[in-house]
Amino acid sequence: MIKVAIIIGSTRPGRNGEAVAQWVGDLATKRGDADFELVDLKNFDLPLLDEVMPASTGRYDLPRTRAWAAKIDSFDAYVFVTPEYNHSTSGALKNALDFLYAEWNNKAAGFVSYGVNGGTRAVEHLRLMMGELQIADVRAQVTLSLHTDFENYSVFRPAAQQENAVDTMLDQVIAWGEALRPLREQALGRG
Ligand SMILES: Cc1cc2nc3c(=O)[nH]c(=O)nc-3n(C[C@H](O)[C@H](O)[C@H](O)COP(=O)(O)O)c2cc1C
């Protein structure tokens with residue numbers, strides 16, 4: 001089975017992202033067709049990018065970067081749970097993506113977004129980054145509205161049909177995560 005990280009893309013105190021990621025994790029775990037793990041950016045305490053060399057060189061000088069790299073490297077695919085901030089993703093998630101390179105390559109990804117309009121603009125920006133990081137992003141996405149999937153914009157109460165959207169997105173992430181395995185093995189010299 002492939003390993004899929006569900007990455008909480010918000011670090012804000014009182015964030016909605018944690019409840020959303022927990023819900024995705026619970027639905028995902030029920031499937032039994034992949035290993036899912038919640039990855040909380042908060043636990044990695046990444047500062048604004050403070051490595052001397054660009055991540056594409058593979059040189060990581062700092063222990064915090066190495067810990068983040070080891071965690072991300074251990075997965076075959078990702079689900080990014082992203083808020084929409086100023087029509088884009090969070091600075092925290094962009095920064096966390098910028099820290100690494102090879103660890104992201106030849107992996108699959110899907111998105112769960114939330115915001116006033118479902119967070120779709122955050123995902124459009126993330127999709128631009130995915131190409132540069134050699135992450136294959138799937139078409140299906142989950143868009144949660146602060147108006148209809150939350151009470152008072154802060155208590156998460158997803159509409160029933162959102163569970164189907166999660167399943168469709170995960171179907172695609174798992175299929176592509178598995179399909180890309182030969183490329184990952186080739187990169188490790190095992191192909
Ligand atoms: C700095 C900031 C900018 C925001 N900009 C947008 C926006 O452009 N579009 C939108 O739909 N919601 C916007 N929102 C609302 C957030 O999507 C909403 O508060 C969401 O719950 C934030 O995610 P979080 O609670 O996990 O941090 C913004 C919120 C913040 C804090």
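Residues numbered from 1 in each chain as written. Predicted model: local features only at pLDDT ≥ 70, side-chain atom pairs only at ≥ 80, totals over all residues.

**Student:** Pulling in residues and values, what's your account of the overall build of the protein chain?
**Tutor:** Scanning the protein chain from N- to C-terminus turns up six helices and seven strands. In terms of overall dimensions, the protein chain is globule-like: its C-alpha atoms have a radius of gyration of 16 Å, near the 16 Å expected for 191 residues. Projected onto the principal axes, the alpha-carbon positions of the protein chain cover approximately 50 × 35 × 25 Å. Residues counted as buried form 40% of the 191 residues belonging to the protein chain. Counting only contacts in the protein chain whose residues sit at least 6 apart along the sequence, the fraction spanning at least 24 positions is 78%. (Helix = DSSP H or I, 4+ residues; strand = E, 2+ residues; numbered from the N terminus. Rg over C-alpha atoms; globule rule 2.2 N^0.38 Å. Buried ≥ 20, exposed ≤ 12 C-beta atoms within 10 Å, placed from the backbone. Contact = placed C-beta atoms within 7 Å.)

**Student:** So what's going on with the confidence of the model for the protein chain? Residues and values would help.
**Tutor:** Across the protein chain, the average pLDDT comes to 97, with 99% of residues at 70 or higher. Between the elements of the protein chain, mean pLDDT differs from a low of 94, seen in helix α6 (residues 181-187), to a high of 99, seen in strand β3 (residues 77-83). (pLDDT = per-residue confidence, 0-100.)

**Student:** Break down helix α4 (residues 120-132) for me, citing the residues and quoting the values.
**Tutor:** Every buried residue of α4 is listed here: A122, V123, L126 and M130. Each buried residue of α4 lies within a common arc of 90° when the element is viewed along its axis, so the set occupies one face. In this structure, α4 carries L128, G131 and E132 as exposed residues pointing more than 90 degrees from its buried face. A positive backbone phi angle near 55° is found at Q134, which sits one or two residues after α4. (Arc of directions from axis to C-beta.)

**Student:** Requested: an account of helix α2 (residues 63-73), with residues and values cited.
**Tutor:** All buried positions along α2 are accounted for by T65, W68 and I72. Buried residues of α2, viewed axially, fall in a sector of 65°; they line one side. α2 presents P63, R66, A70 and D73 as exposed residues on the side facing more than 90 degrees away from its buried surface.

**Student:** Tell me about the site of the ligand, and please be specific about residues and values.
**Tutor:** Within the structure, the ligand sits among 14 residues, and S10, G17, P83, G115 and V116 are positioned closest to it. Its residues assigned to classes, the shell around the ligand shows four nonpolar, seven polar and three charged. (Near = placed C-beta within 6 Å. Nonpolar A, V, L, I, M, F, W, Y, C, P; charged D, E, K, R; others polar.)

**Student:** If you had to explain the pairing of strand β2 (residues 35-40) to someone new, which residues and values would you point to?
**Tutor:** As paired strands, strand β1 (residues 3-8) and β2 are joined by six bridges and run parallel to one another. Within β2, the position partnered with K3 by the bridge is D35. Handedness of the β1-helix α1 (residues 17-31)-β2 crossover: right-handed. (Pairing = 2+ DSSP bridges. Right-handed = clockwise from strand over helix to strand, strands pointing away.)

**Student:** Give a detailed account of the environment of P54, specifying residues and quantitative values.
**Tutor:** The residue P54 is located in the loop between β2 and α2 in this model. Looking at P54, the number of C-beta atoms within 10 Å reads 11, which means it is exposed. For the pair P54 and F99, spaced 45 residues apart in sequence, the C-alpha to C-alpha distance is 8.0 Å.

**Student:** Help me get a handle on the pairing of β1, residues and values and all.
**Tutor:** In terms of burial, β1 is a largely internal element, five of the six residues being buried. For β1 and β3, the ladder comprises five bridges, and the chain directions are parallel. Within β3, the residue paired with I8 across the bridge is V81.

**Student:** Tell me what's going on with the UniProt feature "domain: NADPH-dependent FMN reductase-like" (unreviewed entry) in the protein chain, and back it up with residues and numbers.
**Tutor:** Sequence positions flagged by UniProt for "domain: NADPH-dependent FMN reductase-like" (unreviewed entry) are, in local numbering, residues 2-145. For residues 2-145, the helix share is 33%, the strand share is 27%, and the end-to-end C-alpha distance is 30 Å. (UniProt positions renumbered as here; feature names shortened; annotations may be inferred.)

**Student:** Give me the packing of α1 against helix α5 (residues 162-179): which residues, what numbers.
**Tutor:** Following both chains from N to C, one finds α1 and α5 inclined at 60°, their axes separated by 10 Å at the closest point. Considered as vectors, α1 and α5 are oriented oblique to each other. Considering how the two elements wind past one another, α1 and α5 form a crossing that is right-handed. For the pair formed by α1 and α5, the contact residues are V24, L27, A28 and R31 on the first element and E163, V166 and L170 on the second. For the contact of α1 with α5, the class distribution of residues is five nonpolar, no polar and two charged. (Axes fitted to C-alpha atoms, helices over the stretch in contact; angles between N-to-C directions. Parallel < 35°, antiparallel > 145°, perpendicular 65-115°, else oblique. Left-handed = near helix turned anticlockwise from the far one by under 90°.)

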